Amino acid sequence: MKLLFKIILFLFAIVLIQSCSTRRLIPEGRYLVTKNVVDIQNKTDERTTFTKSDLAAFAGQRANKQIIGTRFPLWVYYKTLKKTDRKFWKWINEKIGKEPVYYDKSFSNSGADQMERYMRNLGYFNAEVESSAKIKRFKAEVLYTVNPRKPYKISSYDYAIDDSELAKWVKPLRQQAELHEGVNYDAYKMDAERDRITDYLKNNGFYAFSRDFIYFEVDSNFNQLSMNVKLLIDSVKTDNGTQAHKPYFINKVSVFPNFIPAQANMQPTDSVKLELFAGNERKPYAMHFYAVGDPRIRPQTFSQVVQIHENDPFSLRKLKQTYRGLGSFRVFAITDIDFETISPPEADTGLLDVKIQLQRSKVHAYAIEVEGTNSAGDLGLRGSLVYSNKNLFRGAELFRLSLRGGGEAQRVSVVGNNENLPSEASIFNTYEFGVNANLVVPRFLSPVKLRNFVLEYQPKTSFNLGYSAEIRSNYDRYITETTVSYDWMTSSTVQHIFTPFNLNSVKVRPSAAFQQILDQEINQRIKDQYSNHLIFGARYSFIFNNQNINKIKNFSYFRANIESSGNLLSLFNETPLISKQEDYSELLGIRYAQFLRFDFDFRQYFMLTKSNQLVFRVLVGFGLPYGNSADMPFERSFYGGGANGMRGWVFRELGPGSYSGTDNVERIGDIQLEGSFEYRFPIAGFFKGALFADAGNIWTKNENSYLPGGRFDISNFYRELAVDAGFGLRLDFSFFIFRLDAALPLRDPARPKGDRWRVDELKLKDIVWNFGIGYPF
């Protein structure tokens, strides 16, 4: 409590000193806009279709923000304003300082007018907004008093389309329209209806149609506050009068896989006609390829991504899918798709020739990466050499090969006590070496031909093979991993990753001295960390993310992972492939793991302003070992602590449950519950800050004699939740973020019941520092 009191007193002193200093710098007769308040005086019983935050976006002047009670950027601006003739102080003034916003009546009146215009578009044609200001010392609080009055409603809604053929396409859409009798007049919904109809028509052949052909006629009744709305669609105007809208069909598709603008007029030296079949109905179509010189890519590469087919009606959706598919080919830097009308204007249907022009990017790339590491206070150095090829087999395959190595000075402790094993005197006592090869094929490779699925979602196939070796004072660990995965998007917000083949082999070779210690160890989980095991199974991930980087709005993120291992191998337990031991079975001399694992990650982002966010995260995980496994494998177990979880504890030093052992083993469990919140705010320039709190723990599924208190109990688990809180500093350079978080463990479940809160005894030395790259979530 004394520490918290000192921190609060220190912050209060800073606020007081800086506030007084800033006040003296403000020019006489000027007032800082400190707040914009919207007061909706709705005297009707009807709920408005807008909120205070909707109107606040139109405020004439932004408020001067405070950060932890201070206006530090404003103070910096004032103090450096007269020094901006020098480059350094100009940089400080522009990057860290914040120009003040002084109250101006004309701007607040303009904001009121903008609010009235916005409400009129929502049907509140009689709405009034008045602006006023509450002046106190050097501050001005701007008040917008809103009287919306009753809105106009749509009394009738109908279509009037002279083009009878087009009307057959459009009139069925009325059933899904948001505009109908009884709803408020809404200009924004009317605009969205134009887009909806346009998209539908352009997805069904009407290539030349645009939203400009659609307009509304509105007849209002002032006494009844109602409107008759009629949707009309113009015909095509020509020199000879008007013409009906007509559908367009694809005539010929030409692909130029090595297009160079400077050589656009050169005759192709190579041409290929590729005969293909579309969908389950095996509909034939063709693509024509033209190149100057060697195209260095196989024509079959485009069969799953080019959705524009001969004789099909034009489709805007398929055009976007083609752009998206070709965009996944990293071998191309620029993709351009042009349409040329070749049918005469008077024809009832149109014909389009399609040219797909692809400009190449560099195929080969190399990178050398060096970084310092800090694992729970253990310092180290790591480096890697990376080679990538964007067109390995002439099919736009992305190949990445990385070689890595590093060393770390780790504290070496014997399992279960604090004695140190002898080790050689050197800067590093832990070394890691590895190689990883990854191949991403932008096509669906499978013995099962799912043609419609492939054309609709354009899945990618990934192959990964990795091998790494960890050389430590006590033991060596060798890890081999092989995976085959499919990745596809079913919408702009939903992603699926399916890994039908996942093989992970871990071999551990303890030193003679360390093996003797393991033989005496009674904690089976500790022994399992240093034993050989094999994971052979499948994994599926579902990801939802509705973030729109072009808009400042709240969004959600959700990821669910489901993994199983050992089930297929267990079917061969009675065959020569599997060898039986006393309590378990082995494949090639290694015990295989058998388990089910579920974990869920939900995040909610509240965008308070462009720079201020309130973020919540919930983690839930559960692992179920069975059959050939008594415990979850170390790599698939859950843990607490570290830079991205319970930041008041060092990585893997929390839990399980109320376990209070003093051994130095990494803590793992079968169950995880964790919740976090973080308030993110700007400080100055690229300096950002965060206030955060975390609560959670891990548990074991079963009670173990060597982990007393570690078992999950539904009636008691909430008493075993750890709690921490702290402050974070982030250096946000847009392309990457450095993060330093300082957290205090406020509640420790390893302490005796009734004495788990540590608030009264916290000291500066109890702060846990976490360094990371990027945000924790």
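Residues numbered from 1 in each chain as written. Predicted model: local features only at pLDDT ≥ 70, side-chain atom pairs only at ≥ 80, totals over all residues. Heavy atoms only, no water.

We now examine the overall build of the protein. Across its full length, the protein carries twelve helices and 32 strands. The principal-axis extents of the C-alpha atoms in the protein amount to approximately 95 × 80 × 60 Å. Taking all 777 residues of the protein together, 44% fall into the buried category. Within the structure as shown, the protein displays about 41500 Å² of accessible surface, and the carbon and sulfur contribution to it stands at 55%. For the protein, the centre of its 99 positive side-chain charges and the centre of its 85 negative side-chain charges are spaced 5 Å apart. (Helix = DSSP H or I, 4+ residues; strand = E, 2+ residues; numbered from the N terminus. Buried < 20%, exposed > 50% of the residue type's maximum accessible area, 1.4 Å probe, protein only. Areas by Shrake-Rupley, 256 points an atom, 1.4 Å probe, with all protein chains shown as cover. Lys, Arg positive; Asp, Glu negative; His and termini not counted. Charge placed at Lys NZ, Arg CZ, Asp CG, Glu CD.)

Our next topic: the sheet that holds strand S5 (residues 214-221). Taken in spatial order, the three strands of this open sheet run S4-S6-S5, and their pairing is mixed. The open sheet terminates on both sides in strands that have one partner only, identified here as strand S4 (153-161) and S5. Each neighbouring strand pair of the sheet contributes to a mean axis angle of 20°, computed without reference to strand direction. The sheet contact formed by S4 and strand S6 (residues 226-233) spans eight bridges and is parallel. Bridge pairing in S6 places Ile161 opposite Ile233. (Pairing = 2+ DSSP bridges. Axes fitted to C-alpha atoms, helices over the stretch in contact; angles between N-to-C directions.)

Bringing the packing of aromatic side chains into the picture now. According to the stated counting rule, one finds 40 aromatic pairs in the structure shown. An angle of 45° between the planes, with centres 5.4 Å apart, marks the rings of Phe125 and Tyr185 as tilted. Taken as a pair, Phe125 in the loop between helix H5 (105-121) and strand S2 (128-136) and Tyr185 in the loop between helix H6 (164-170) and helix H7 (187-202) lie far apart in primary sequence, 60 residues in all. With relative accessibility at 31%, the residue Phe125 sits in the partly exposed group. Centroid distance Tyr207 to Tyr248: 5.6 Å. Interplanar angle 65°. Geometry classified as edge-to-face. With Tyr207 in the loop between H7 and S5 and Tyr248 in strand S9 (residues 248-256), this residue pair connects regions lying 41 residues apart in the sequence. (Phe/Tyr/Trp six-rings, centres within 6.5 Å; stacked < 30°, edge-to-face > 60°.)

It is worth spelling out the nonpolar core at this point. Core analysis: the biggest nonpolar cluster contains 30 residues, and Met287, Phe302, Phe339 and Ile356 have the highest contact counts within it. Of all the elements in the fold, those that place two or more residues in this core are S9, strand S10 (270-278), strand S11 (283-291), helix H8 (316-327), strand S12 (332-341) and strand S13 (350-360). Listed in part, the 25 residues of the second largest apolar core include Leu166, Leu173, Phe213 and Val229. (Core = buried A, V, L, I, M, F, W, Y, C linked by side-chain atoms within 4.5 Å.)

Turning to the sheet that holds strand S25 (residues 590-591), a few remarks are in order. On the basis of which strands lie adjacent, the open sheet formed by three strands has the order S23-S24-S25 and antiparallel pairing. Across the chains shown, the open sheet's two edge strands, defined by having one partner strand only, are strand S23 (578-580) and S25.

Let us look at H5. Between its first and last C-alpha, H5 extends 25 Å over 17 residues, near the 24 Å set by a 1.5 Å rise per residue. Here the buried face of H5 lies against strand S1 (32-40), helix H2 (52-56), S2, strand S3 (139-147) and H7. Downstream of H5 by one or two residues, Gly123 has phi in the positive range, about 100°. (Expected span 1.5 Å × (residues − 1). Contact = heavy atoms within 4.5 Å.)

Quick look at the pattern of salt bridges now. Counted according to the given criterion, the structure contains 35 salt bridges. When the shortest N-O distance is used, the salt bridge between Arg636 and Glu563 registers 2.9 Å. Highlighted residues: Arg636 in the loop between strand S27 (613-625) and strand S28 (671-684) and Glu563 in strand S22 (residues 555-565), separated in sequence by 73 residues. In this pair, the class of Arg636 matches that of Glu563, namely buried. A single network of salt bridges, built from pairs that share partners, joins Arg647, Glu678, Arg680, Asp694, Arg730, Arg739 and Asp741. (Salt bridge = Lys/Arg side-chain N within 4 Å of Asp/Glu carboxyl O.)

Attention now moves to the confidence of the model for the protein. Of all residues in the protein, 91% attain a pLDDT of 70 or more, and the chain-wide mean is 86. Per-element mean pLDDT across the protein ranges from 53 in helix H1 (residues 2-25) up to 96 in S22. Counting contacts from residues 14-18, a segment whose pLDDT is below 50, to residues more than four positions away or on other chains yields seven contacts. Residue range residues 416-425 is modelled with pLDDT below 50. Its contacts to residues more than four positions away, or to other chains, number 17 contacts. (pLDDT = per-residue confidence, 0-100.)

On the surface, Ile368, Val370, Leu381, Leu385, Leu403, Val435 and Tyr467 cluster together to form a nonpolar patch covering roughly 660 Å² of accessible area. Secondary structure elements with two or more residues in the nonpolar patch: strand S14 (364-375) and strand S15 (378-389). Val435 sits in the partly exposed class, given a relative accessible area of 31%. (Patch = residues over 30% accessible without salt bridge, like charges linked within 9 Å, V, L, I, M, F, W, Y side chains within 5 Å.)

Summarising the element assignment, Asn504 is placed in strand S20 (residues 494-510). Setting aside residues up to four positions removed in sequence, Asn504 forms contacts with Ile479, Thr480, Glu481, His533, Leu534, Ile535 and Arg636.

Two elements in contact, helix H3 (residues 72-80) and helix H4 (residues 87-95), have axes separated by 8 Å at closest approach and are oriented at 150°. One way to sum up the angle between H3 and H4 is to call them roughly antiparallel. The two elements H3 and H4 meet at a crossing, and its hand is left-handed. Contacts between H3 and H4 involve Val76, Tyr77 and Thr80 from the first element and Trp89, Ile92 and Asn93 from the second. (Parallel < 35°, antiparallel > 145°, perpendicular 65-115°, else oblique. Left-handed = near helix turned anticlockwise from the far one by under 90°.)

Below, the discussion takes up the environment of Phe677. Tracing the backbone through its elements, the reader meets Phe677 in strand S28. A relative accessible area of 31% means that Phe677 is categorised as partly exposed. Separated by 208 residues in sequence, Phe677 and Ala469 have C-alpha atoms that sit 37 Å apart.

Of the consecutive residues Gly655 and Pro656, the connecting peptide bond is found in the cis state with omega at -10°. Within the secondary structure layout, Pro656 lies in the loop between S27 and S28. Despite not being glycine, Gln458 has its phi angle at roughly 50°, a positive value. With respect to the helices, strands and loops of the structure, Gln458 is situated in the loop between helix H9 (451-457) and strand S18 (460-471). For Gln458, a relative accessible area of 12% translates into the label buried.

A few words on the pairing of S2. Relative to S3, S2 runs antiparallel, the two sharing nine bridges. Within S3, the position partnered with Ala133 by the bridge is Val142. As consecutive antiparallel partners, S2 and S3 are separated by two residues, and within that stretch Arg137 has a phi angle of approximately 55°, a positive value.

Take Ser384: it is sitting in strand S15. Taking the relative accessible area as the measure of exposure, Ser384 reaches 16% and is therefore buried. Residues in contact with Ser384, not counting those within four places in the same chain, are Ala367, Ile368, Glu369, Leu403 and Arg404.

What follows covers helix H10 (residues 512-520). Burial in H10 covers these residues: Phe514, Ile517 and Leu518. Down the axis, H10 shows its buried residues gathered within 100° of arc, on one side only. Of the exposed residues in H10, those oriented more than 90 degrees away from the buried face are Ala512, Gln516, Asp519 and Gln520. Where H10 is buried, its residues meet strand S19 (475-489), S20 and helix H11 (524-529). (Arc of directions from axis to C-beta.)

Looking at the element boundaries, Thr499 is found in strand S20. Residues Thr499 and Ser220 lie 279 residues apart in sequence; the distance between their C-alpha atoms is 60 Å. Among all residues touching Thr499, those that are not within four sequence positions of it are Thr483, Val484, Ser485, Gly537, Ala538 and Arg539.

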